[in-house]
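A look at the structure
One-letter residues, chain by chain:
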Amino acid sequence: MLKSAGPLAKILDLAEDAIISIDTNQRIILFNQGAEKIFGYKRDEILGEPLDTLLPARFIEAHRHYIEEFSASPVSARTMGERRELFGRRKGGIDFPAEASISKAKVEEGWLFTVILRDITQRKIADEAIRTSLREKEVLLKEIHHRVKNNLQVVSSLLGLQSRAIEDGALRKMFQESQNRVHSMALIHESLYQSANLSEIDFPAYIDQLGEYLFRSYGIDSTRVKLEAFIDQLRLTIDSAVPCGLIINELVSNCLKYAFPGGRNGKIRIEMHEDDKHSIRLAVSDNGVGLPDGAGGSKSLGLRLVRTLADQLGATVEMTSSGGARTVLTFQAGGHR
């Protein structure tokens, strides 16, 4: 039998963790100095006592079954508390959280079980402080996104009010386009405010909202012009989502303004896919009349803005005008400059 005052016990006293050995009857036969510090018992008063003395009452029965099951298992060591929290009880009846491992060895008298236990009270306190801090920061960040969205909506509304007071049609149109750009950014902050993940945007849902808004803004009948979206379940960061949202806003707006003159029917298609190399391909196309000089030329503010935003993403841009307008951008996921 292992003697608590033997050479091995003296070596084990150097450990800061509690090291406790019990016999087949689950009575304590080794109790190192680390265990004395953690549990508050002196070695002389705990040796020979049942292990139950060191456990909260609610865990005693389950722990007995655990030791019996472990003694019959083929493994010689395992981590304790893998499926539930583990607690010890100090002298005086104070419970504390712990992590522990148990091992077994066959001796003349039967099984010898050794538990190495660490008090993780301070870690739990620190973890809870971190979780509380994160919750507070998440609430604050949500509130920031909500306020940014509200402020952008105020700007959008002011542009709308101002545009209604302008008699010049071309100038009024410029105000409307600026209003749409501001609204596309407000939608991103609204998406982040409603998202469970404050760092990423559910882009397919965002595109649906943006498309509906633009059709209302330009007074386009959705039965005359169809909008189709084929988008992977992408979750973009705000650094990528803002320029992507503005690019799609400009390209879809161009389609609605120029592609289907005279009330003709048509279709707008948005595609956005990511390949296995994390390269994203965004394409906006229509089956309308193609890009007229005023919309597709380098002097077009909308398409100049598209190229500027593409540069921010580090994207390549290809524009074609055969059988309708088509613009394709390719960039790395998360990439921006």
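Residues numbered from 1 in each chain as written. Predicted model: local features only at pLDDT ≥ 70, side-chain atom pairs only at ≥ 80, totals over all residues. Heavy atoms only, no water.

Backbone hydrogen bonds hold the strands of a sheet together, and the pairing may be parallel or antiparallel. Spatially, the five strands line up as an open sheet ordered S8-S10-S11-S13-S12, and their pairing is mixed. Every other strand in the sheet has two partners, leaving strand S8 (225-231) and strand S12 (316-321) as the edge strands with one partner each. For this sheet, the mean angle separating the axes of adjacent strands, direction not counted, is 10 degrees. Relative to strand S13 (residues 325-332), S12 is paired through six bridges, and the arrangement is antiparallel. (Pairing = 2+ DSSP bridges. Helix = DSSP H or I, 4+ residues; strand = E, 2+ residues; numbered from the N terminus. Axes fitted to C-alpha atoms, helices over the stretch in contact; angles between N-to-C directions.)

A few words now on the pattern of salt bridges. Scanning the entire structure with this criterion turns up 19 salt bridges. A salt bridge links Arg-123 to Glu-99, with the nearest nitrogen and oxygen atoms 3.0 Å apart. With Arg-123 in helix H5 (residues 121-164) and Glu-99 in strand S5 (residues 95-107), the pair connects residues that are 24 residues apart, well separated along the chain. Between Glu-128 and Arg-131 there is a salt bridge; the shortest N-O distance is 3.1 Å. With Glu-128 and Arg-131 both in helix H5, this residue pair falls three residues apart, about one helical turn. Take Glu-128: its relative accessible area is 34%, and that puts it in the partly exposed class. (Salt bridge = Lys/Arg side-chain N within 4 Å of Asp/Glu carboxyl O. Buried < 20%, exposed > 50% of the residue type's maximum accessible area, 1.4 Å probe, protein only.)

Time to look at the side chain of Asp-286. The residue Asp-286 is located in strand S11 (residues 279-286) in this model. Arg-264 is the oppositely charged side chain nearest to the buried, salt-bridge-free Asp-286, at an N-O distance of 8.4 Å. Not counting residues up to four positions away in its chain, the partners in contact with Asp-286 are Cys-255, Ala-259, Phe-260, Lys-267, Ile-268, Gly-323, Gly-324 and Ala-325. (Lys, Arg positive; Asp, Glu negative; His and termini not counted. Contact = heavy atoms within 4.5 Å.)

On to a nonpolar patch on the surface, then. Nonpolar side chains collect at one region of the surface, where Leu-140, Leu-141 and Ile-144 lie side by side and expose about 250 Å² of accessible area between them. Assignment of secondary structure puts Ile-144 in helix H5. Judged by relative accessible area, Ile-144 falls into the partly exposed class, the value being 42%. (Patch = residues over 30% accessible without salt bridge, like charges linked within 9 Å, V, L, I, M, F, W, Y side chains within 5 Å. Areas by Shrake-Rupley, 256 points an atom, 1.4 Å probe, with all protein chains shown as cover.)

Moving on to the nonpolar core. Among the nonpolar cores identified, the biggest contains 42 residues, and Phe-203, Leu-256 and Met-272 are the most heavily contacted of them. Elements supplying a minimum of two residues to this core: helix H6 (169-194), helix H7 (203-217), S8, helix H8 (238-259), strand S10 (266-274), S11, helix H10 (301-313) and S13. The leading source of residues in this core is H8, at 10 residues. Those residues in contact with Met-272, other than ones at most four positions away along the chain, are Phe-203, Phe-230, Ile-231, Asp-232, Leu-234, Leu-236, Cys-244, Ile-280, Arg-281, Leu-282 and Phe-331. Core analysis: the next-biggest nonpolar cluster, separate from the first, contains 24 residues, Phe-39, Ile-46, Leu-54 and Leu-86 among them. (Core = buried A, V, L, I, M, F, W, Y, C linked by side-chain atoms within 4.5 Å.)

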